[in-house]
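Remarks on the overall topology
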Amino acid sequence: ADCRYTCHQECRSLIQLDCRRPGPCQSQLSPENTILLSPRGQNATQTVEEEKPEPPTVQEIKQKIEKYNAKVTNCLLMKLNDDGTYTGFIKVHLKLRRPVTVPAGIRPQSIYDALKEVNLAEMTDKRTSFYLPLDAIKQLHISSTTTVSEVIQGLLKKFMVVDNPQKFALFKEMRKDGQVLFQKLPLTEYPLYLRLLAGPDTEVLSFVLKENETGEVEWDAFSIPELQNFLMILDKEEKDKIQQVHRKYERFKQRLQQTLKEARGKPG
């Protein structure tokens, strides 16, 4: 209000002013006296208020569901409940490049186990690792209140993966102008609502489970066998990379020797 300090809206919480003159912004940078940088680079005084979109009404949800179901070409419809929540299906593509940890020597889950919610992973302490099929697709029946965090945990449970859920992240995949764009979803996001807004066409929006490699790795969250397994994987990847480099330059060497052999006796 006094010094006319200018900052971006997303930077407001990081600003600490050392005002020498008494004024309304001496104690803190309040929304009322913040000057934001407008999109055109001009100073414009605005009141900073984080406006969150109003949640859709039950009537709006009902209309969206009817519009969604009208485009569905299979039986995977959405259903509105009496309490305003709704259920439906999402498909998640598994694009994991590294192996996952599962219990060793466990029999396949039976219908009885599924109904009784028997956790087979707790029946043994033995662990083994294997690669999930590349780009496998898993279909989930979820609610509008199901979060991204719950979707990740549900997927891991279905495949009996005992790895820490923090090692994985759910992304939404979008196609625009011939390009494939990935955006990591926050753990509190609701995937079924995103599916409802985008419609049933998976070309417009699809969900992908990938390794969570965007943040700092919390090594304390892993067990000793997992860390040893990582070292084995990295060692294998290092050897494979070395072999690739050797093969590359071996081919280059052979072409160079062949060229020199063909050039013998020729001028220049």
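Conventions we followed
Residues numbered from 1 in each chain as written. Predicted model: local features only at pLDDT ≥ 70, side-chain atom pairs only at ≥ 80, totals over all residues. Heavy atoms only, no water. Axes fitted to C-alpha atoms, helices over the stretch in contact; angles between N-to-C directions. Helix = DSSP H or I, 4+ residues; strand = E, 2+ residues; numbered from the N terminus. Left-handed = near helix turned anticlockwise from the far one by under 90°. Contact = heavy atoms within 4.5 Å. Nonpolar A, V, L, I, M, F, W, Y, C, P; charged D, E, K, R; others polar. Salt bridge = Lys/Arg side-chain N within 4 Å of Asp/Glu carboxyl O. Buried < 20%, exposed > 50% of the residue type's maximum accessible area, 1.4 Å probe, protein only. 1 Å grid on protein atoms, 1.4 Å probe; cavity = no way out; pocket = protein on both sides within 12 Å on 5 of 7 lines; lining within 4 Å. Points joined across faces, edges and corners; volume = space filled by probe spheres on them. Expected span 1.5 Å × (residues − 1). Phe/Tyr/Trp six-rings, centres within 6.5 Å; stacked < 30°, edge-to-face > 60°. Lys NZ or Arg CZ within 6 Å of the ring centre and 35° of its normal.

Looking up the protein chain in an unreviewed UniProt entry gives the name Ras association domain-containing protein 5, with the organism given as Sylvia borin.

Here we come to the packing of helix 1 (residues 58-71) against helix 4 (residues 191-198). One way to put it is that helix 1 packs onto helix 4 with a least axis distance of 9 Å and a crossing angle of 65°. The crossing of helix 1 and helix 4 is left-handed. In this structure, helix 1 contributes Ile61, Lys64, Ile65 and Tyr68 to the contact, and helix 4 contributes Tyr193, Arg195, Leu196 and Leu197. Across the contact of helix 1 with helix 4, the residue classes break down as six nonpolar, no polar and two charged.

Time to look at the pattern of salt bridges. In the structure shown here, the tally under the stated rule is seven salt bridges. Across the pair Lys239 and Asp235 runs a salt bridge, and its minimum N-O distance is 3.4 Å. Remark: Asp235 and Lys239 occur in helix 5 (residues 224-263); sequence separation between them is four residues, near one turn of the helix. Measuring nitrogen to oxygen at the nearest pair gives 3.1 Å for the salt bridge that ties Lys236 to Asp240. In this pair, Lys236 and Asp240 both sit in helix 5, four residues apart, roughly one turn of the helix. Lys236 sits in the exposed class, given a relative accessible area of 52%. Where salt bridges share partners, they join Lys95, Glu173, Arg175 and Glu203 into one cluster.

The subject of this paragraph is the layout of surface pockets. Roughly 330 Å³ of volume is contained in the second largest pocket. Along its surface, the second largest pocket is lined by 14 residues, and Pro55, Pro56, Tyr86, Tyr190 and Tyr193 are the ones closest to its centre. Of the residues assigned to the lining of the second largest pocket, the class counts are eight nonpolar, four polar and two charged.

Helix length check: helix 5 (40 residues) gives 59 Å between terminal C-alpha atoms against 58 Å at 1.5 Å per residue, within 8%. Where helix 5 is buried, its residues touch strand 6 (100-103) and strand 7 (127-130).

With that settled, the discussion passes to the side chain of His93. Mapped onto the elements of the fold, His93 is located in strand 5 (residues 86-94). Residue classification places His93 among the buried residues on the basis of a relative accessible area of 18%.

Let us look at the environment of Phe159. One can find Phe159 in the loop between helix 3 (148-158) and strand 9 (168-176). Phe159 sits in the partly exposed class, given a relative accessible area of 28%. Each C-alpha atom of the pair Phe159 and Val100 lies 9.6 Å from the other, and the pair is 59 residues apart in sequence. Ignoring sequence-local partners within four residues, the contact set of Phe159 consists of Leu94, Val102, Leu132 and Lys138.

Enumeration according to the criterion identifies zero aromatic pairs in this entry. Taking NZ or CZ as reference, Lys210 lies 5.2 Å from the ring centre of Phe171, over its face. Lying across the ring of Phe182, Lys210 places its NZ or CZ 4.4 Å from the centre.

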